[in-house]
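Architecture and fold: a report
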Amino acid sequence: MVVDLRSDTVTKPSEAMREAAKNADVGDDVYRDDPSVNELERRAAEILGKEAGLFVPSGTMGNQVAIRTHTDRGQELLADEHAHVLKWELGAVAQLSSLQTRLLDFGESAVPTPEQVREGIVEESLHEAGTGLFCLENTHNYRGGVAISKAEIDAAAEAAHDHGVPVHLDGARLFNAAESLDTDAAELAENVDSVMFCLSKGLGAPVGSMLVGEQEFIDRARRTRKLFGGGMRQAGMIAAPGLLALENRGHLAADHRRAERIAEGLGEIDGIETAEPDTNIVVADVAGTGLNAEAFVGEIEQHGVLAVAFGETTVRFTTNWDVTDGDVEGAIDSVRTAMAER
Ligand SMILES: *Cc1c(COP(=O)(O)O)cnc(C)c1O
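Residues numbered from 1 in each chain as written. Predicted model: local features only at pLDDT ≥ 70, side-chain atom pairs only at ≥ 80, totals over all residues. Heavy atoms only, no water.

Put simply, the rule is: UniProt positions are given in the numbering used here, feature names are shortened, and annotations may be inferred rather than shown by experiment.
The protein has the name Threonine aldolase family protein in an unreviewed UniProt entry, where Halolamina salina is given as its organism. Quoted verbatim from the Sequence similarities (unreviewed entry) field of the UniProt record, the comment on the protein reads "Belongs to the threonine aldolase family." Looking at the protein in UniProt, the text filed under Cofactor (unreviewed entry) is "pyridoxal 5'-phosphate".

Topic: the pattern of salt bridges
We count it as follows: By salt bridge we mean one thing: a side-chain nitrogen of Lys or Arg within 4 Å of a carboxyl oxygen of Asp or Glu. Strands here mean DSSP runs of E at least two residues long; helices mean DSSP runs of H or I at least four residues long; both are numbered from the N terminus. Note on classification: 1.4 Å probe, protein chains only; a residue is buried when its accessible area is under 20% of the maximum for its type, exposed when over 50%, partly exposed between these limits.
Under the defined criterion, the tally for this structure stands at 22 salt bridges. A salt bridge links Arg233 to Asp28, with the shortest nitrogen-to-oxygen separation between them at 3.2 Å. Residue Arg233 is found in the loop between helix H10 (215-227) and helix H11 (236-246), and its partner Asp28 is found in the loop between helix H1 (15-23) and helix H2 (35-48); the two are separated by 205 residues along the sequence. For Arg233, a relative accessible area of 41% translates into the label partly exposed. Judged by its relative accessible area of 16%, Asp28 falls in the buried class.

Some details on the sheet that holds strand S3 (residues 76-80)
For clarity, the threshold we go by: Pairing between strands is defined by DSSP: at least two bridges between the two strands are required. Orientation is described by lines fitted to C-alpha atoms, with helices fitted over the stretch in contact, and by angles between N-to-C directions that extend from 0 to 180 degrees. By definition, residues are in contact when any of their heavy atoms lie within 4.5 Å.
Spatially, S2-S8-S7-S6-S5-S3-S4 is the arrangement adopted by the seven strands of the open sheet, whose pairing is mixed. Every interior strand has two partners, whereas the edge strands, strand S2 (52-56) and strand S4 (100-104), have only one. Ignoring which end each strand starts from, the neighbouring axes of this sheet average 20° apart. Of the pairings in the sheet, the one linking strand S6 (residues 167-170) to strand S7 (residues 194-198) comprises three bridges and is parallel in character. Within S7, the position partnered with His168 by the bridge is Ser194. The strands touched by helix H3 (residues 59-70) are S2, S3, strand S5 (131-137), S6, S7 and strand S8 (209-213); relative to S7, the strand with the most contacts, the crossing angle is about 170°.

Observations regarding the sheet that holds strand S12 (residues 308-309)
Judged by pairing direction, the sheet is antiparallel, and its four strands sit side by side in the order S9-S10-S13-S12 without closing on themselves. Only two strands of the sheet have a single partner each, and these edge strands are strand S9 (273-274) and S12. Looking at chain direction, S9 and strand S10 (residues 281-285) are connected through two bridges and run antiparallel. Bridge pairing in S10 links Glu273 to Asp285. The strands that helix H12 (residues 252-267) touches are S9, S10 and strand S13 (314-318); relative to S10, the one it contacts most, it runs at about 15°. Sitting on the sheet, helix H13 (residues 293-302) is in contact with S12 and S13, with an inclination near 45° to S13.

Brief notes about the site of the ligand
Quick reminder of the rule: Definition of nearness: a residue and a molecule or strand are near each other if at least one heavy atom of the residue lies within 4 Å of the molecule or strand. Working definition of accessibility: Shrake-Rupley area with a 1.4 Å probe, residue cover restricted to the visible protein chains. Only protein atoms enter the calculation, which uses a 1 Å grid: trapped sets of points that fit a 1.4 Å probe without letting it out are cavities, open sets showing protein on both sides within 12 Å along at least five of seven lines are pockets, and any residue with an atom within 4 Å of a point is a lining residue. A pocket or cavity is taken to hold a molecule when more than half of that molecule's atoms are within 2 Å of the pocket's grid points.
The immediate surroundings of the ligand are formed by 14 residues, with Gly59, Thr60, Asp170, Arg173 and Lys201 found nearest. Computed on the free molecule, the ligand has an accessible area of 380 Å², of which 84% lies beneath the protein chains in the complex. In this structure, the ligand is accommodated by the second largest pocket. Looking at the shell around the ligand, the elements that each hand over two or more residues are H3 and S7. When residues of the shell around the ligand are assigned to their parent elements, the largest contribution, three residues, is made by H3.

Details of the UniProt feature "modified residue: N6-(pyridoxal phosphate)lysine" (unreviewed entry) in the protein
The UniProt record marks Lys201 with the feature "modified residue: N6-(pyridoxal phosphate)lysine" (unreviewed entry), using the residue numbering of this structure. Position of Lys201 relative to the elements: it lies in the loop between S7 and S8. Residue contacts for Lys201: discarding those within four places in its chain leaves Asp8, Thr9, Thr11, Ala172 and Arg173.

Here's what the structure looks like:
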């Protein structure tokens, strides 16, 4: 038996999603003729409390379309040093938007204080290009699926807005944050200018992410998406499963409960340290086993548990809806066996 805890992107679409794809009402979405895409964009915006939505093939495209649409060449992007938009998107902010970056250490809370934001902002002048955009990430992937609260987001966003700097939220797992904080995603997104969230992570869709914001912003983002090669034709085939994914938000609580159990179970194994997770991501420090992350991942793979090496000695385990309670117990036992047999 293999338990795949590499990511929440590894899930296979449900029968209902496959049926929805097969029977989707479609048209040419570049002409805005695809009823399934139009409905998905409308519904996504509604759930996030924004005016309009844009369907994109991936979270990376959603973030980079937003970044390009908000900024001018040479401006600074203010973000966490461990932000996904900088760390894992191939330097796209340089390649696609010609931006400079100014990095902050958001710390364990994964959100900067308003003072930090103010200090990070550069005003435009004859000599300085100025800050074009401030980015937040919720949940914060690299910092361990940390959920940041509405109060923290609002305070940081207000500091940026005070200087006329727009705010983009990389909300790949925003619904996980909302679940963990027992609030609505719309509340978390109320004071940011744009939000990207993934349909293809914990919500279980096979493909796709959404970008939402005010109508005027989304109209411009639609042109940027075209520029980046993301104008799609009969995309209702993938939008229809996405619409079902939007209704899967209720499943996330179970993922979080299972992540908590993984953190607890792994934490009892000699040499492995875990912190209690906020959401569906568990980051384990395996330094005490004498293995680095790559070697640890290799060892547990031999015992049927898949995870990803995250840092030098940190390994990420992510629950997803194809992982059952039984799988979780099996995975903990397998890791224990793998370490005992070394
Ligand atoms: C996964 C992820 C993305 C990118 O999504 P893709 O669909 O893999 O391109 C962006 N930001 C965060 C925080 C993510 O976890």
